[in-house]
Amino acid sequence: MAHATFTSEGQNMESFRLLSGHKIPAVGLGTWRSGSQATHAVVTALVEGGYRHIDTAWEYGDQREVGQGIKRAMHTGLERRDLFVTSKLCTELSPERVRPALQNTLKELQLEYLDLYLIHWPFRLREGASKPPKAGDVLDFDMEGVWREMENLAKDNLVRNIGVCNFTVTKLNKLLEFAELIPSVCQMEMHPGWRNDTMLEFCKKNEIHVTAYSPLGSQEGGRDLIHDQTVDRIAKKLNKTPGQVLVKWGLQRGTSVIPKSLNPERIKENIKVFDWVIPEKDFQALNSITDQKRVMDGEDIFVNKTEGPFRSVADLWDHED
Ligand code: NDP
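Residues numbered from 1 in each chain as written. Predicted model: local features only at pLDDT ≥ 70, side-chain atom pairs only at ≥ 80, totals over all residues. Heavy atoms only, no water.

1. Some thoughts on the pairing of strand E11 (residues 209-213)
The side chains of a regular strand alternate, residue by residue, between the two faces of the sheet. Most of E11 is tucked away: five of the five residues are buried. Here E11 shows a buried face lined by His209, Thr211 and Tyr213 and a second buried face lined by Val210 and Ala212. One ladder, built from five bridges, connects strand E10 (residues 185-189) with E11; its direction is parallel. In the strand pairing of E11, Cys186 is matched with Val210. For the handedness criterion, the β-α-β arrangement of E10, helix H6 (residues 197-205) and E11 is classed as right-handed. Sheet topology places E11 next to strand E12 (residues 256-257); two bridges connect them, and they run parallel. (Buried < 20%, exposed > 50% of the residue type's maximum accessible area, 1.4 Å probe, protein only. Helix = DSSP H or I, 4+ residues; strand = E, 2+ residues; numbered from the N terminus. Pairing = 2+ DSSP bridges. Right-handed = clockwise from strand over helix to strand, strands pointing away.)

This is the structure:
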């Protein structure tokens, strides 16, 4: 893996400028596994926490609840143009599914447009596929056809920006060969336990903004970075919480960050990251945490060890590190 030395750029930026010219707020609320509590979390984030960026996806099954939260927040005076709403295209990835899927998402969210629409995973699953997939559940993915339809949504102003998640450098290179609209955002798992420097550097070189997902290591079934010794030591030294240190680390690398919480105090805590910095020495200590490993490796959704087409996690990630 390349050893990039990201320093404190973007340290106090509350938003990042995208290639499209739009701004993406630096900290957003993640909503995966939020279920019926998503409404309350979104209202807390927008009205009490000062968040302006909400991340959801069709796959999370919570778009209705997120939409209700946005609506309630707008009743308190927030305007749609002040908000940045991200959602993601389902895994039944085929060109003809793109527009109906977006229309579904807009309906569930009760919105006229999205600020950002992402391809959630670069793999196509048959409708009703099982977990892990059976033979024939993972189908060919027409990347160019799907991207053209994404571009058409942007041209029709139904989405302000388009982008991808969970791509590899190999897949992004392929997409860049035919893209008329370069992805504004690449949303990837990134935290000190999976820094993925290679992808971050590639995106920076191509002016593609990166949003870091699972910035706290995802906790439940993931990696408990909140109790990591290095994170804890730095948090105590700076008189911040481990959650704040992890969010700030992502911002200092130039990525936007979307921590999820259902707890009102933690929601508010996670965005109090703009009037201080992680000193360079501590920032580099976070860049030196060993045991680099993905939490969201996609194995249970896309790998079929005997039938393929992806027989291992390494296959999914194009054997990149
Ligand atoms: P996070 O890394 O954000 O961690 C969330 C967990 O941390 C929850 O258990 C939460 O519990 C806990 N937590 C939150 N704040 C704190 C804090 N300050 N101190 C201690 N614990 C805390 O996990 P996610 O995997 O949810 O990632 C964030 C978001 O990224 C998702 O919700 C989703 O929107 C997006 N995402 C995108 C993916 C993609 O494929 N594009 C894949 C995965 C995630 P509690 O709620 O009790 O506070």
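2. A word on the site of the ligand
Close to the ligand lie 30 residues; Asp55, Leu216, Ser218, Ser261 and Arg266 are nearest. In the environment of the ligand, a nitrogen atom lies 2.8 Å from a nitrogen or oxygen atom belonging to the side chain of Asn270. Against a free-state accessible area of 900 Å², the protein chains account for coverage of 91% of the ligand. Take the shell around the ligand: its biggest share by element is three residues, from helix H9 (residues 264-270). Per-class residue counts for the shell around the ligand are eleven nonpolar, 13 polar and six charged. (Near = heavy atom within 4 Å. Polar contact = N/O pair within 3.5 Å; in protein donor to acceptor, adjacent residues only side chain to side chain. Areas by Shrake-Rupley, 256 points an atom, 1.4 Å probe, with all protein chains shown as cover. Nonpolar A, V, L, I, M, F, W, Y, C, P; charged D, E, K, R; others polar.)

3. Topic: the environment of Pro242
Relative to the assigned elements, Pro242 resides in helix H8 (residues 242-252). With a relative accessible area of 17%, Pro242 lands in the buried category. Residues Pro242 and His227 lie 15 residues apart in sequence; the distance between their C-alpha atoms is 7.6 Å. Dropping the residues within four chain positions of it, Pro242 is found in contact with Ile226, Val231, Asp232 and Ala235. (Contact = heavy atoms within 4.5 Å.)

4. Observations regarding unusual backbone geometry
Following Lys131, the chain continues into Pro132 via a peptide bond in cis, with omega recorded as -5°. Inspection of the secondary structure puts Pro132 in the loop between strand E7 (124-125) and strand E8 (138-139). The residue after Gly308, namely Pro309, is reached through a cis peptide bond having omega 5°. Checked against the element boundaries, Pro309 lands in the loop between helix H11 (299-302) and helix H12 (313-316). Phi is positive for Asn196, which is not a glycine, with a value near 50°. Looking at where Asn196 falls in the secondary structure, it is placed in the loop between E10 and H6. Residue class for Asn196 comes out buried when judged on its relative accessible area of 4%. With phi around 50°, Ser214 is a residue other than glycine that occupies positive phi space. Structurally, Ser214 is set in the loop between E11 and helix H7 (229-238).

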